[in-house]
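This is what each chain is made of:
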Amino acid sequence: MRVLVTRPEPAASRTAARLAALGHDAIVAPLLAPRALDWSAPPGDWQAVAFTSALAPTLGGASLAALTHRPAYAVGKATADAARAAGFENVRASDGDATALFARAAADGVTRLLHLTAPERSSSTVPSGLTLGVVEVYTSDLAATLPTAAPTADLALLYSARTAAHFAALVDAAGIDRATLGIGALS
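Fair warning: this is a prediction, and the values are worked out from it, not measured in the lab.

Participant: What am I meant to see in the sheet that holds strand E1 (residues 2-5) here?
Facilitator: With parallel pairing, the 4 strands of this open sheet are ordered in space as E2-E1-E10-E11. The two strands at the open ends of the sheet, each matched to only one other strand, are strand E2 (25-28) and strand E11 (182-185). Going across the sheet, the axis of each strand differs from the next one's by a mean of 25 degrees, ignoring polarity. Note that E1 and strand E10 (residues 155-158) share 3 bridges and pair parallel. Note that in E10 the partner of Leu-4 across the bridge is Ala-156. In this fold helix H5 (residues 161-174) packs onto E1, E10 and E11, with an angle of close to 140 degrees to the strand it touches most, E10.

Right, here's the structure in full:
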């Protein structure tokens, strides 16, 4: 099977390697190109930090050093691993989404949580009593086109609502037959 992998690098190449090991032909086609933004921690007595993507601690840069002594809440194992690699020692991983993560922090007694994120994020619910500060530490630019091999794919892996919408906008120009392409929506 030919699989179109649309996640950003370096994760796209890791996924492609796993697919190749399973006997599939992967076409790496990142639809997003993440890049760091200039930022600094806002003033305030933030009790903990929240990461809802592994890209935030990975691209957070030197400004993270001022926060690594705080507990970090992370959605999923990969994000928790990225937070540890960025210098956070007290990392609490949770399953689910941002809403579940915020609820966990609140249940742990956190009342002031700093969410390091991107401008493009899903809506979430913040529990009563939790003050959430939001700082954008990275963004992701959209790819202009799909690779020339894209029309030969049997399956496209889509990793977010944003990339799915962008993929839909690029499909016709790439010559992909919508009737025969399978979609794997992972978020």
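Participant: Where do I start with the packing of aromatic side chains in this structure?
Facilitator: For any two aromatic rings, the description comes down to two numbers: the centre-to-centre distance and the angle of the planes. Scanning the entire structure with this criterion turns up 1 aromatic pair. Between Phe-51 and Phe-88, the aromatic rings sit 5.3 Å apart at their centres with planes inclined by 80 degrees, giving edge-to-face as the arrangement. In this pair, Phe-51 sits in strand E4 (residues 48-51) while Phe-88 sits in the loop between helix H3 (77-85) and strand E6 (91-94), placing the two residues 37 residues apart along the sequence. For the pair formed by Phe-51 and Phe-88, the shared burial category is buried. Sitting above the plane of the Trp-46 ring, Arg-112 keeps its charged end 4.3 Å from the centroid.

Participant: Looking at this model, I keep getting lost on the side chain of Thr-163. Mind explaining?
Facilitator: By the secondary structure assignment, Thr-163 is in helix H5. Aside from chain neighbours lying at most four places away, what touches Thr-163 is Leu-31, Leu-32 and Leu-158.

Participant: When you look at H5 in this model, what are you seeing that I'm missing?
Facilitator: An α-helical segment advances 3.6 residues per turn. Residues three or four places apart therefore align on the same side. With 14 residues, H5 should reach 20 Å at 1.5 Å per residue; the first-to-last C-alpha distance of 20 Å fits that figure. Maximal helix bending in H5 amounts to about 30 degrees, located at Ala-168. Where H5 is concerned, the buried positions are Thr-163, His-166, Phe-167, Leu-170 and Val-171. Taken together, the buried residues of H5 touch E1, strand E3 (32-36), strand E9 (138-142), E10 and E11. A positive backbone phi angle near 80 degrees is found at Gly-175, which sits one or two residues after H5.

Reading the values: rules and limits
Residues numbered from 1 in each chain as written. Predicted model: local features only at pLDDT ≥ 70, side-chain atom pairs only at ≥ 80, totals over all residues. Heavy atoms only, no water. Pairing = 2+ DSSP bridges. Helix = DSSP H or I, 4+ residues; strand = E, 2+ residues; numbered from the N terminus. Axes fitted to C-alpha atoms, helices over the stretch in contact; angles between N-to-C directions. Contact = heavy atoms within 4.5 Å. Phe/Tyr/Trp six-rings, centres within 6.5 Å; stacked < 30°, edge-to-face > 60°. Buried < 20%, exposed > 50% of the residue type's maximum accessible area, 1.4 Å probe, protein only. Lys NZ or Arg CZ within 6 Å of the ring centre and 35° of its normal. Expected span 1.5 Å × (residues − 1). Bend = angle between axes of the 7 residues up to and from the residue.

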